[in-house]
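# Survey of secondary and tertiary structure
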Amino acid sequence: MTEPKSARVTVRAVAAEAGVSIATVSRVMNGHSQVAPATRALVHRAVERLGAPAPVGRGAAEGAIYVRCPYVLTDYFGVIVSSLAETLELHGRRVVLSAGDAGRRSGVLAGLPREPGIAGAVLLLPPEPETELEALRAQNFPFVVIDPKNPLSRDIASVSAAHLTAAHSVTAHLLQLGHRRIGVIGGPGNWLASRSRVSGHTAALAEAGLLSSPGLLRSIEPTAEHGYEAAGELLDLPERPTALIAFNDKTAVGALRAAYERNLRVPADLSITGFDDTDLGRSTVPRLTTVRQPLEELGRMAVSLLMRLLEQHTVDTLHVELATQLVLRESTGPAPRVRPPA
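This one's a predicted model, so the numbers in the text were calculated from it and none came from an experiment.

### Points about the nonpolar core
Core analysis: the biggest nonpolar cluster contains 33 residues, and I65, I80, L84, V122, L124, I146 and V159 have the highest contact counts within it. Listed by contribution, the elements that provide at least two residues to this core are β1 (64-69), α4 (75-90), β3 (118-124), β4 (143-146), β5 (157-161), α11 (295-310) and β11 (319-322). Among the elements that line this core, the one with the most residues is α11, at eight residues. Dropping the residues within four chain positions of it, L84 is found in contact with V67, V122, L124, I146, G299, A302 and V303. The next biggest cluster of nonpolar side chains, apart from the first, holds 20 residues, and it includes A230, A231, V266 and L288.

Here it is in structure tokens:
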């Protein structure tokens, strides 16, 4: 007697049967136009051979992906969101985008599992506490967090840059240039990225036999104006720093303005570093030494993780950190010589 075929057929099983990729099966099941007729027929024959009208399981071959970015789509967030949209398109997925002020609505996460036509989500820097993310995970709703604001439990998928390592490399670079009094203009103190970068900075100082000074740290909203104000406070100290590490390129631009107003030459009198390697940092005079975050790869990796969750694949590593690159330009130089007292 022939054993009956299972009523549950996954996209993964169809892809294996047809000899095509999972993304191709998803495009066919979603009626995507950019599929060759022969390939479409191949997938449909595989579905018929497996004994089911279509793959089943939540979001396996249908359903849009909710992308939430409760911030203005600047050059930083815009690059990530664009990468998400392009990669989801390759997987045959429609994007439902919530961004800016509209994305800040409270209680939006709790209702996602009941949203018709939504199969999963990608959440950029979600402002909600971890408890709300854990509640969403408890409903078996597939989602991935990009650059989490708070530490996440092990079973919540996330993708971020290696912030601690990146900050360590920036401080190590300045130490090699002879800087010993280094000011840090960090992001909000309750952000995971901010705390990780301060830890990296502190570790690099410790390796050089130095202690970090709380008086040289400022925690701010990462904007050019707040960067300008924080840099001014540090540069007006009786013993000012010889280098400033800014949380991002926008913050560094504010620091450049503060230095200019105090007739400090960059980098002869003061070195300044940014973070992100945006177009802004490549347009300043001098151009910023900065850290290049793999912004597009953050989006691609988040989609890759989400697709695996949707297909119910085994995922051994749910927390992924992507390597960064220190980009050396003209805004950093040797520490100025300390003039002996008169």
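### Re the pairing of β3
By the criterion of burial, β3 is predominantly enclosed, with seven of the seven residues buried. As paired strands, β1 and β3 are joined by five bridges and run parallel to one another. By the bridge assignment for β3, Y66 is matched with A121.

### A closer look at helix α1 (residues 11-18)
Taken as a whole, α1 has its buried residues at V11, V14, A15 and A18. In an axial view of α1, the angular spread of the buried residues amounts to 100 degrees, which keeps them on one side of the axis. A positive backbone phi angle near 75 degrees is found at G19, which sits one or two residues after α1.

### Quick notes on the environment of L210
Relative to the assigned elements, L210 resides in the loop between α8 (192-207) and β7 (217-219). Taking the relative accessible area as the measure of exposure, L210 reaches 25% and is therefore partly exposed. Taking C-alpha positions, L210 is 9.7 Å from R181, a pair spaced 29 residues apart along the chain. In this structure, L210 is in contact with L175, R180 and L205, ignoring residues within four places of it in sequence.

Rules used in this analysis
Residues numbered from 1 in each chain as written. Predicted model: local features only at pLDDT ≥ 70, side-chain atom pairs only at ≥ 80, totals over all residues. Heavy atoms only, no water. Core = buried A, V, L, I, M, F, W, Y, C linked by side-chain atoms within 4.5 Å. Buried < 20%, exposed > 50% of the residue type's maximum accessible area, 1.4 Å probe, protein only. Helix = DSSP H or I, 4+ residues; strand = E, 2+ residues; numbered from the N terminus. Contact = heavy atoms within 4.5 Å. Pairing = 2+ DSSP bridges. Arc of directions from axis to C-beta.

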